[in-house]
Structure formats: structure tokens, C-alpha cells
Amino acid sequence: KVAVPGLSEIPVIGPALFNQTGLTYVAFGLVLLTWALLKYTSFGLAVRAVGEDPRAADQAGINVTRTRYLGVLYAGALAGLGGAFMSVADSNTFTEGMTKGAGYLAITAVIFGGWNPWKTLAACLLFGFATALQFLVPTLKLDVPVALLLMLPYVLALFAVAGFVGTSRQPSALTLA
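Nothing here was measured: the structure is a model prediction, and the numbers come from that model. (Residues numbered from 1 in each chain as written. Predicted model: local features only at pLDDT ≥ 70, side-chain atom pairs only at ≥ 80, totals over all residues. Heavy atoms only, no water.)

Trainee: What am I meant to see in the overall build of the protein chain here?
Mentor: Scanning the protein chain from N- to C-terminus turns up eight helices and two strands. For the protein chain, the spread of C-alpha atoms along the principal axes amounts to about 60 × 40 × 30 Å. Across the 177 residues that make up the protein chain, the buried fraction comes to 20%. A sequence separation of at least 24 residues applies to 46% of the contacts in the protein chain between residues at least 6 apart. Surface accessibility of the protein chain: about 11,900 Å² in total, with carbon and sulfur atoms responsible for 71%. The centroid of the 10 positive side-chain charges in the protein chain is displaced by 6 Å from the centroid of its 7 negative side-chain charges. (Helix = DSSP H or I, 4+ residues; strand = E, 2+ residues; numbered from the N terminus. Buried < 20%, exposed > 50% of the residue type's maximum accessible area, 1.4 Å probe, protein only. Contact = heavy atoms within 4.5 Å. Areas by Shrake-Rupley, 256 points an atom, 1.4 Å probe, with all protein chains shown as cover. Lys, Arg positive; Asp, Glu negative; His and termini not counted. Charge placed at Lys NZ, Arg CZ, Asp CG, Glu CD.)

Trainee: Where do I start with a nonpolar patch on the surface in this structure?
Mentor: Residues L7, I10, V12, I13 and L17 make up a contiguous nonpolar surface patch of about 450 Å² in total accessible area. Mapping V12 onto the fold places it in the loop between β1 (2–3) and α1 (13–18). Classification of V12 as exposed rests on a relative accessible area of 75%. (Patch = residues over 30% accessible without salt bridge, like charges linked within 9 Å, V, L, I, M, F, W, Y side chains within 5 Å. Salt bridge = Lys/Arg side-chain N within 4 Å of Asp/Glu carboxyl O.)

Trainee: Whenever I open this one, the packing of aromatic side chains confuses me. Can you help?
Mentor: Think of a pair of aromatic rings as described by two things: how far the centres are apart, and how the planes are tilted against each other in angle. If you walk through the whole model with that rule in mind, you get three aromatic pairs. Among the aromatic side chains, those forming a connected cluster through ring pairs are W35, Y40 and W118. (Phe/Tyr/Trp six-rings, centres within 6.5 Å; stacked < 30°, edge-to-face > 60°.)

Trainee: Please explain the packing of helix α6 (residues 102–112) against helix α7 (residues 117–139) as it appears in this structure.
Mentor: The description of two packed helices rests on the angle between their axes and on the distance between the axes. Where α6 meets α7, the closest approach of the two axes is 8 Å, and the angle between their N-to-C directions is 135°. In this view, α6 runs oblique relative to α7, as classed from their interaxial angle. Relative to α7, the crossing made by α6 is right-handed. Counting all contacts with α6, which are made through L105, T108, A109, V110 and F112, the residues of α7 involved are T120, A123, C124, L126 and F127. Split by residue class, the contact of α6 with α7 holds eight nonpolar, two polar and no charged. (Axes fitted to C-alpha atoms, helices over the stretch in contact; angles between N-to-C directions. Parallel < 35°, antiparallel > 145°, perpendicular 65-115°, else oblique. Left-handed = near helix turned anticlockwise from the far one by under 90°. Nonpolar A, V, L, I, M, F, W, Y, C, P; charged D, E, K, R; others polar.)

Trainee: Is there a simple way to think about α7 in this case?
Mentor: One turn of an α-helix holds 3.6 residues; hence residues three or four places apart share an orientation. Between its terminal C-alpha atoms α7 stretches 33 Å, which fits the 33 Å expected from 23 residues at 1.5 Å a residue. Its axis deflected by about 40° at L133, α7 carries its strongest bend there. Among the residues of α7, those classed as buried are T120, L121, A123, F127, A130, L133, Q134 and V137. Two or three places before W118, at the opening of α7, N116 has a side-chain oxygen 2.8 Å from that residue's backbone nitrogen. Two residues or fewer after α7 comes K141, characterised by a positive phi angle close to 60°. (Expected span 1.5 Å × (residues − 1). Bend = angle between axes of the 7 residues up to and from the residue. Polar contact = N/O pair within 3.5 Å; in protein donor to acceptor, adjacent residues only side chain to side chain.)

Trainee: Any chance you could explain the environment of A36 here in plain terms?
Mentor: Note on placement: A36 falls in helix α2 (residues 22–40). In sequence terms A36 and P117 are 81 residues apart; their C-alpha atoms lie 9.6 Å from each other.

Trainee: Looking at this structure, how should I read the nonpolar core?
Mentor: Most often, soluble globular proteins have nonpolar side chains that are buried together. The biggest cluster of nonpolar side chains holds six residues, and these are L105, A109, A123, F127, A157 and A160. Elements represented by at least two residues in this core include exactly α6, α7 and α8 (146–164). (Core = buried A, V, L, I, M, F, W, Y, C linked by side-chain atoms within 4.5 Å.)

Right under this line is the structure:
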């Protein structure tokens, strides 16, 4: 755990927000990095162009295959950091099936966030809060079925996508080869 001096002593929210593992702070930094990369760099412009119309991007001189591979490598590195967090920082062990569908929640968070890094972060925090309720509610001695708490993030994800999939605009070439 890394405590942010001064901020971690704030009552109630201080320990929850400012006494986290180092990978948590790295994750927030990576959201900022990803946003800046997509918004302010030529690579980000290329990624957005390839996502909208690969043929037009190719005609503009962008190497579509290379851009897609680099995008997948970056996303894979971020997913690897997520896995490292789950096995090292969160539970200090690796067990079979420990992700329990977290990848589907991540995809849902991207859709719910409208392919915007900041909105996706907010969706991830929402789903993370719903997941954390399965540990919080029993300590509060509330009579809520465990099965309901376990399925809450997925039900929330289902409602989020069902309610926002019509208003969210995905990249035009998302499923094109």
C-alpha cells in the first residue's frame, strides 16, 4: 500500500481513496496517458481514422495493419496489468477462474463509456463499486442474498448496455477485418 501524505488522513474517504497499492495509481495514470495518446498524438489520430474507415485511412497513407497491431498490443499490455493487479496486488495469489467474467465487464464499461477513456473510467468505478458490495454488505449485517450480490455487477452491466447501446456510437469499422 502507498499512502498519499496528508490526503490519506482525511476521515472516511482518505483511506479508501489515498491508501491504495501502487498499481492503482499507475492505472489512473494510464487512463490519463491513454486519453492524451488518443487525443493529441498522430498515433491516436491514426487509431481513430482506422477505427472509422480503414480504407480511407489506407488511402491517406496510414498503415492500417500496423496501427491495428499496435492498438491490440497496447490493449493487451493494459489487460496484462489488470491481471497482474488481480493476482498480485488484490489477492496475493493466482487461482483458476479468478477473473469471473471481468473481461466482459471491461467490454461493457467501454461500451457504456461511449469509447471515451474518462467515461469508461467512471463505468469501471461503477462496476467496481457493485463488485465491492459483495464484501461490504455482509459486514453491515444486512440480510441480502449472496447470490444477488455476486450477480449485481453483471445485472448492472446488462442494464447499462441495454439502456445506452442505442445512444452510444461505436467506431464504424469495429468489426471489419
